[in-house]
Every structure is written in structure tokens, then in C-alpha cells.
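# Fold and geometry: a report
Residue-level listing of the chains:
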Amino acid sequence: MKVAVIGTGYVGLTTAVSLAVKGHEVLGIDVDAAKIEQLSNGRSPIYEPGLDQVLLETLGQGKIRFSTNLVEAKEAQVVFVCVGTPETEDGEADLRYLHAALQDIATLHNHSPKERTLVIKSTVPVGTGDQAAVSLRHCKELQVVSNPEFLREGCALEDALNPSRIIVGADSEEAIAVMQTLYSGLSAPWVITTRANAELIKYASNAFLAARISFMNELARLSAVLGTDVTVVSHGMGLDSRIGSQFLRAGVGFGGSCFPKDTIALLKLANQHGVTLSLLEKVREVNASQPVWFFNQLVSKIPDLAGKRIAVLGLAFKPDTDDIREAPALRILAELQAAGAVVTAYDPIAAKAVEALFPDVEYVTTPEAAFAGAHAAVLVTEWQACVKLDWKLIKEQMEQPLLFDGRNAWPHDELKKAGFEYLGVGKS
Ligand code: UDX
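Right, let's walk through the structure included here. These figures come from a predicted structure and were not determined experimentally.

### Remarks on helix α8 (residues 195-226)
In a regular helix each residue adds 1.5 Å, so 32 residues correspond to 46 Å; α8 covers 47 Å between its end C-alpha atoms and thus fits that length. Where α8 terminates, the next one or two residues include Gly227, which has phi positive at roughly 80°.

### Some details on the site of the ligand
Looking at the ligand, there are 19 residues lining it, with Glu153, Arg249, Phe254, Gly256 and Cys258 nearest. No other element matches the three residues that α8 contributes to the shell around the ligand. Classifying every residue of the shell around the ligand by side-chain character gives 10 nonpolar, four polar and five charged. Both domains that furnish three or more residues to the shell around the ligand are identified here as domain 1 (2-193) and domain 2 (207-424).

### Description of helix α12 (residues 328-338)
Every buried residue of α12 is accounted for by Pro328, Ala329, Arg331, Ile332, Leu333 and Leu336. Buried residues belonging to α12 abut α11 (278-301), β9 (309-313), β10 (342-346), α13 (351-357) and β12 (376-379). Remark: Gly340 follows α12 within two positions and exhibits a positive phi of approximately 85°.

### Side note on the pairing of β9
Within β9, five of the five residues are buried, which leaves the element mostly enclosed by the surrounding structure. Of the two faces of β9, the one lined by Arg309, Ala311 and Leu313 and the one lined by Ile310 and Val312 are each fully buried. As paired strands, β9 and β10 are joined by five bridges and run parallel to one another. Directly across from Ile310, in β10, lies its bridge partner Val343. The β-α-β motif built from β9, the intervening α12 and the parallel element β10 has right-handed crossover chirality.

About the cut-offs
- Residues numbered from 1 in each chain as written.
- Predicted model: local features only at pLDDT ≥ 70, side-chain atom pairs only at ≥ 80, totals over all residues.
- Helix = DSSP H or I, 4+ residues; strand = E, 2+ residues; numbered from the N terminus.
- Expected span 1.5 Å × (residues − 1).
- Near = placed C-beta within 6 Å.
- Nonpolar A, V, L, I, M, F, W, Y, C, P; charged D, E, K, R; others polar.
- Domains from an automatic or database assignment.
- Buried ≥ 20, exposed ≤ 12 C-beta atoms within 10 Å, placed from the backbone.
- Contact = placed C-beta atoms within 7 Å.
- Pairing = 2+ DSSP bridges.
- Right-handed = clockwise from strand over helix to strand, strands pointing away.

What follows is the structure in C-alpha cells.
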């Protein structure tokens, strides 16, 4: 099929490339000319494992191209809207880019009418798809579909090509048939429902995953005082198929572009309808205080951090991404600096972005270099490069062998045997 994708951020670019892999003829559209040029030359503006290579391949096969001009999409049978819906100052979803995209599609459609399906992939408040359908009702032969995306940064392409489920919110057989043709190469369960249900499924999924994490983080705080091991507790819980083992990892809190933004947007949406999601409010509260709780663990061992050299390993909000949006590392760096610590940080990809915010931190290019002369080391993001380390060498290099494992990812038993003092999140 001929497909246009508006917005070439994480979701848009991954959607465009994965559709091209599946044999569709894809046009990626973005207002950012520099980005379009970069993409046309086969370079991804975001760090995402495997994406560059597949981008080059699909460009080479002529399956994908990029433009700033939506008019080039006049042949498109399907137009995806994958623009950002960032947080406004009061926490709601900012729909200005979405509205601009809808306006552009209406103009395109009126100039070049044909049977066309508009697919909203952006995460939008419940009711947005229905409102779009109403505002575009003058566009004859244009169907509006809600088709939320569940891909994770760091494995975005894999998730797009092997989705856990395909959620389609539509109100016509024709639109459903188009989506079935579009995704015919994917094997995943389908949920065909209303646009509003589809939109809520997206928010509810993210909120629920976030809730699991905050629950485990509170259990970790309890484990820290009881002397229990939250990783063992989590393993034992996860074996119950009603619970499942994923998203039960205690840590320094969730970050990224989705969980923080989508949980506040859902709270706001509920409030607007007179409903208080008190559990979700707590989920966010626990998450906001988790990096501080973790920092206080460090203070309990080193009450006076002034002038102490602290190594920080990992800065991105999770491994395999250069994204630092809402990264817990930012909060931890701020606390360390406020306490007067001398911070040396390492991240394989995200250091540059953090440097702009924390110019006084020393950024090193190997994880080992971060440990040199350190009074303590803190693991914030569990990159493989920050986890698989030469501990013998590190022990010799550190001023004090004191480790704070914010992801319970360092080899606890081995480190204890090697004479390190180890403190994880709800694990000691
Ligand atoms: C998330 C959803 O997983 C995805 O379905 C949605 O489309 C977008 O939001 P993403 O933000 O890329 O994806 O990352 P994810 O792997 O979900 O991790 C989010 C945060 O939770 C990270 O900061 C991660 O470190 C943290 N996390 C995750 C935990 O602290 N514990 C866990 O057990 C899992």
C-alpha cells in the first residue's frame, strides 16, 4: 500500500521503517528539513539499535523516502499521524501538533480526494479520534482510525515488527479492512473496538506498567529496612502467571518520554471528567521520590558528600537509548551536586545531552575511568557496558570500594566476595 507517516520521531520513524520492511511504499513527512535531509541520507536522528541499517536497506530498495512536503503524499491510501503530544505546563497532552497535522491532511485530501484512511498513532486523550472524525466529516472518503503504539525505546523496531497486540479503533468495515491489509504480515492478536477504547487502552497500559514499578519500588524501601531481598521477592511473585515476571524490577524510578507524560495526562483527563485516580497519583508520587530515596541511601553511608568523588554509571532513562527525558539520573546528579560531591559520569551514548544540563560534571569515555579515585559508585542505568566490568581492576582503582546499585544489576554475590560494600535497591 502507499503510506505516508507524519512525524519522524521515535514512533513515526519506527512505524515508517517497519512498514517499508513489510513491503509498503512509505513516505516519511516532517517539518524539520534538517532531519528530513539526514533521513534521506540514511542516517537516523535517534539512537535506536538496528534502525540505521534497516533505514539504509529500505532506502536502497526504494521502499521509503522522506519529505517536508505533505503534497507528495497525495497518492497515499493511508496517512499515519505520529506527531508528539508533549505535556503542557499543567500536565495535559498538548495537541497542537496533532491539530496542525489534521489540518494539513484535510487540505491534502480536499485537493486530492480518494479513499483514504487517517490513522492516529500519537498518544491522545480519549475522545480525540472521535473529535477528529467530526471535524473532518467534510472530507468525503476519509476514515479516521485510532491505532495506538506500544513500542519501547531501545527495541522499537523489534516491537514494531513483532507487536504484542494490534489495537484498532474504527467505526467502519472499510477502515478495518484497510488496517488488516496494512498489517497482514504481522502475527499478533487484534482488538477491534471503538476509537475511544483504543485510546484508553494505550493510557491504561502505560499507567498500569508504571504502577507495577512504583509498587516494587515501595517494596524495595520496605526490603531495605527488613533486610529482605526485593529481587528474590519479585522473582517469587512473578512466577504466579496472574502476576507475570515483567515490570517488577525495583530501581531508581521510571523515566522516559511516555510513562511520566502519559500518567499525568491520564490523571488530568480523569479530573476533567470529575474522576480522581488516586492510585495513579500515588504511583507518580512514589516515582518522584524514588531517586531521592536512593540518594539518601548513599547519604546514610557517606553523610558528608562535600568534596567526595562519586562515579555515576549510566545517564539515559534506560539502556540502549540516548533519551534523557525524565531520566532519574538527572535528579541524582542534581542531588549530588547540591551536596558538593565531585561527580564523574559515564554513559555510552547520552553523556553529551546531559553535559548541556550539568556542565560541572566530569564526563569520561570508559566506565572504568569513572571509578578511578571514587569514594563510591552509583549505577543509574543498566547498560551492558556499565554492568559487565573488570571488578578486580575497579577495586584497585576506587578510593573506597562502595557500590550503590540503582538497578540491582551488578553481580551482588561476586562483589561481596571480592570485598566491595554493596547496597542495591531493596537488596544488600
Ligand atoms: C514504555 C512502554 O513500555 C511502551 O509500551 C510505550 O509504548 C512507551 O512507554 P519506554 O518508555 O520506551 O516504553 O521504556 P520501558 O522499557 O517501558 O521503561 C520505562 C521506564 O521504566 C524506564 O525508566 C525503565 O528503567 C523503568 N523500568 C522498567 C523499571 O524501573 N522497572 C521495570 O521493571 C521496568
